[in-house]
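# Notes for the structure review
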Amino acid sequence: MPLPTRKQVIETLFAKWQPVDLVETIATEEALGRVLTHNYHALYSIPVVRASAMDGVAVISERFANGIPDTGQWVIGVDYCRADTGDDFDDRFDAVIPIEKVIVSETGLQIDPGVRVTKNMNIRPSGSMIMKGTTVGQAGRRLCSFDLACLAMGGIAQVEVYKKPRVAFLPTGSELVPLGTAVTRGENIDSNSVLVKNMLLEMGAEPIMYPIVKDDRQQLDSTLDRALAQADVVILSGGSSKGEEDFNARILEERGVALFHWVAAAPGKPMCVSIIENKPVINIPGPPIAMLYGMEWCIRAIVHHLLHIPMLKRQAIIGTLTEDIQAPPSMEVLCMMDVQNTPEGYRVKQKPWRNGSMVEGLSAGALYITELGVEVKRAGEMLPVYLLRGEEYFDA
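Computed from a prediction, not measured in an experiment: that's the story for all the values here.

## What to know about the overall build of the protein
When helices and strands are tallied, the protein shows seven helices and 27 strands. The C-alpha atoms of the protein give 31 Å as radius of gyration, which overshoots the globular expectation for 396 residues (21 Å, by more than 25%). Expressed as lengths along the three principal axes of its C-alpha atoms, the size of the protein is roughly 100 × 55 × 45 Å. Residues counted as buried form 46% of the 396 residues belonging to the protein. The long-range fraction of contacts in the protein, counting pairs at least 24 apart against all pairs at least 6 apart in sequence, stands at 73%. Total accessible area on the protein is roughly 20,400 Å²; 52% of this is exposed by carbon and sulfur atoms. Charge centroids of the protein, computed over 38 positive and 49 negative side chains, lie 4 Å from each other.

## Examining the pattern of salt bridges
Applying the stated criterion to the full structure yields 17 salt bridges. Residues Arg255 and Asp221 are paired through a salt bridge, measuring 3.3 Å at the closest nitrogen-oxygen approach. Highlighted residues: Arg255 in helix H5 (residues 248-255) and Asp221 in helix H4 (residues 217-230), separated in sequence by 34 residues. We classify Arg255 as partly exposed; its relative accessible area is 29%.

## Considering a nonpolar patch on the surface
On the surface, a cluster of nonpolar side chains totalling about 340 Å² of accessible area is made up of Leu179, Val183, Ile189 and Val194. Turning to its location among the elements, Val183 is positioned in the loop between strand E13 (176-177) and strand E14 (188-189). Taking relative accessible area as the criterion, Val183 reaches 43% and is therefore assigned partly exposed.

## Some words on the packing of H4 against H5
Look at H4 against H5: their axes get within 11 Å of each other, and the N-to-C directions meet at 55°. By the criterion of interaxial angle, the relationship of H4 to H5 is oblique. Note on packing geometry: the crossing formed by H4 with H5 is right-handed. Where H4 approaches H5, its residues Arg217, Leu220, Asp221, Leu224, Asp225 and Leu228 are matched on the opposing element by Asn248, Ile251, Glu254 and Arg255. Looking at the contact of H4 with H5, its residues break down into four nonpolar, one polar and five charged.

## Observations concerning the side chain of Ser193
By secondary structure assignment, the location of Ser193 is in helix H3 (residues 192-203). At 2.6 Å, the side chain of Ser193 and the side chain of Asp190 are in polar contact.

## Points about the sheet that holds strand E6 (residues 95-98)
Taken in spatial order, the three strands line up as E5-E4-E6 in an open sheet, and their pairing is antiparallel. Two strands lie at the open edges of the sheet, namely strand E5 (81-83) and E6, each paired on one side alone. Geometrically, the sheet is characterised by an average inter-axis angle of 40° between neighbouring strands, direction not taken into account. Direction of pairing for strand E4 (residues 56-59) relative to E6: antiparallel, over a ladder of four bridges. Residue pairing across strands places Ala58 opposite Val96, the latter belonging to E6.

## Some points on H5
Burial in H5 covers these residues: Asn248, Ala249, Ile251 and Leu252. One side of H5 holds all its buried residues, which, seen down the axis, span an arc of 160°.

## A few points about helix H2 (residues 145-153)
Buried residues of H2: Asp147, Leu148 and Leu151, and no others. Within H2, the buried residues cover an arc of 100° as seen down the axis, which keeps them to one side. In H2, the exposed residues that point more than 90 degrees away from the buried face are Phe146 and Ala152. Directly beyond the C-terminal end of H2, a positive phi value near 80° is found at Gly155.

## Re the pairing of strand E23 (residues 332-342)
Of all 11 residues in E23, eight are buried; the element is thus mostly enclosed. Here strand E18 (residues 265-266) pairs with E23 via two bridges, running parallel. Bridging from a neighbouring strand, Ala265 pairs with Glu332 of E23. Judged from the four bridges that link them, E23 and strand E25 (residues 366-369) form a sheet pairing that is antiparallel. By the bridge assignment, Met337 is partnered in E25 with Ala366. Bridge count for E23 against strand E24 (residues 345-350) is six bridges, and the pairing is antiparallel. The residue of E24 that forms the bridge with Asp338 is Lys349.

## Here's the deal with the sheet that holds strand E20 (residues 279-284)
Read across the open sheet, the six strands follow the order E15-E12-E16-E20-E19-E17; overall the sheet is mixed. Where the open sheet ends on each side, the last strands, each with one partner, are strand E15 (206-209) and strand E17 (257-261). If you compare each strand with its neighbour and ignore which way they point, the axes differ by 20° on average. As defined by bridge partners, E17 adjoins strand E19 (residues 272-276) across four bridges and the pair is classed as antiparallel. Directly across from Phe260, in E19, lies its bridge partner Val273. Its contacts with the sheet place helix H1 (residues 6-16) against E17, E19 and E20, and it is angled at close to 175° to E17. Strands strand E12 (166-171), strand E16 (233-237) and E20 of the sheet are contacted by helix H6 (residues 288-307), whose axis makes an angle of about 170° with E20.

What counts and what doesn't
Residues numbered from 1 in each chain as written. Predicted model: local features only at pLDDT ≥ 70, side-chain atom pairs only at ≥ 80, totals over all residues. Heavy atoms only, no water. Helix = DSSP H or I, 4+ residues; strand = E, 2+ residues; numbered from the N terminus. Rg over C-alpha atoms; globule rule 2.2 N^0.38 Å. Buried < 20%, exposed > 50% of the residue type's maximum accessible area, 1.4 Å probe, protein only. Contact = heavy atoms within 4.5 Å. Areas by Shrake-Rupley, 256 points an atom, 1.4 Å probe, with all protein chains shown as cover. Lys, Arg positive; Asp, Glu negative; His and termini not counted. Charge placed at Lys NZ, Arg CZ, Asp CG, Glu CD. Salt bridge = Lys/Arg side-chain N within 4 Å of Asp/Glu carboxyl O. Patch = residues over 30% accessible without salt bridge, like charges linked within 9 Å, V, L, I, M, F, W, Y side chains within 5 Å. Axes fitted to C-alpha atoms, helices over the stretch in contact; angles between N-to-C directions. Parallel < 35°, antiparallel > 145°, perpendicular 65-115°, else oblique. Left-handed = near helix turned anticlockwise from the far one by under 90°. Nonpolar A, V, L, I, M, F, W, Y, C, P; charged D, E, K, R; others polar. Polar contact = N/O pair within 3.5 Å; in protein donor to acceptor, adjacent residues only side chain to side chain. Pairing = 2+ DSSP bridges. Arc of directions from axis to C-beta.

Structure, rendered in structure tokens:
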């Protein structure tokens, strides 16, 4: 029987899991990267009445019907007034002459004889910047700095957003030691905590990072209990295969609804996907490339589902494949790709990650996922790859 695909895993999980939407109200200026729960509309029209479109002096246009009048004895505040860019001014005045076309002095006002003054000249009407009722924030939009400025222009000081999903990460394995510890025989640095924490931050989640949990059934159970009480989603790293100390998958199968154990996605095929206490609990194999892949297609989908936003679409480029890529046709295999931007176009090739070259794989510039049913991609084929470091490949 074929293993479930990534799509089947996500569709099944979302069909069986019923999350509760959690929202909060925060200050607009603190909402960078957050997701609006509903539309927002401008509370005011700006300018409220009208405003000057430039630095200048405001005058009464009627007095210019027959050309430039004698302004030598004009008094500021009576015959004219200053009206700089964005300024409101007395309703008696209905035109603005650019400041470059006038000389203001104690003896009156001198105006360039070439100026033609007409009613409403250089005046922004009410609502020309923004009209009351205009949509300034859209539900489901992940807010960038420009979105925050639009909300502010509309007078929106606070916004309701979806709470950041709380995602707990439990690194497991008796062989793991924390970063900063001198590594001895039989030990491995817990690099996955660094990878997962920062990927979760990029996704818009709130990471809850646990210390290393040794391969002990009682300790694993009690730590999982704490994580379930704190988080909306729980990730376990390692212990997903069939080894003597691979407890994690067994715990998930015993304590909840285990939807899948083993998926058609490699590296990371032994992934276990379950629901415990109406919370997704995902066990991802320990190798860093497997963790990256599981985070990219599974955890990202879960986080975005809770935030009510579509999955990220990475920037794609088309490059010429320089070496064959072979993969089992029954698997969707993650290939970390090297990208070269040459005068003849992009050239791409798979970076190795087995046999101790994990760092080389993680330092890749792009990724490619093989297609089900396709066993080989030949050198010379044009291949779409998805950029992880797009700023390195595009000219300014």
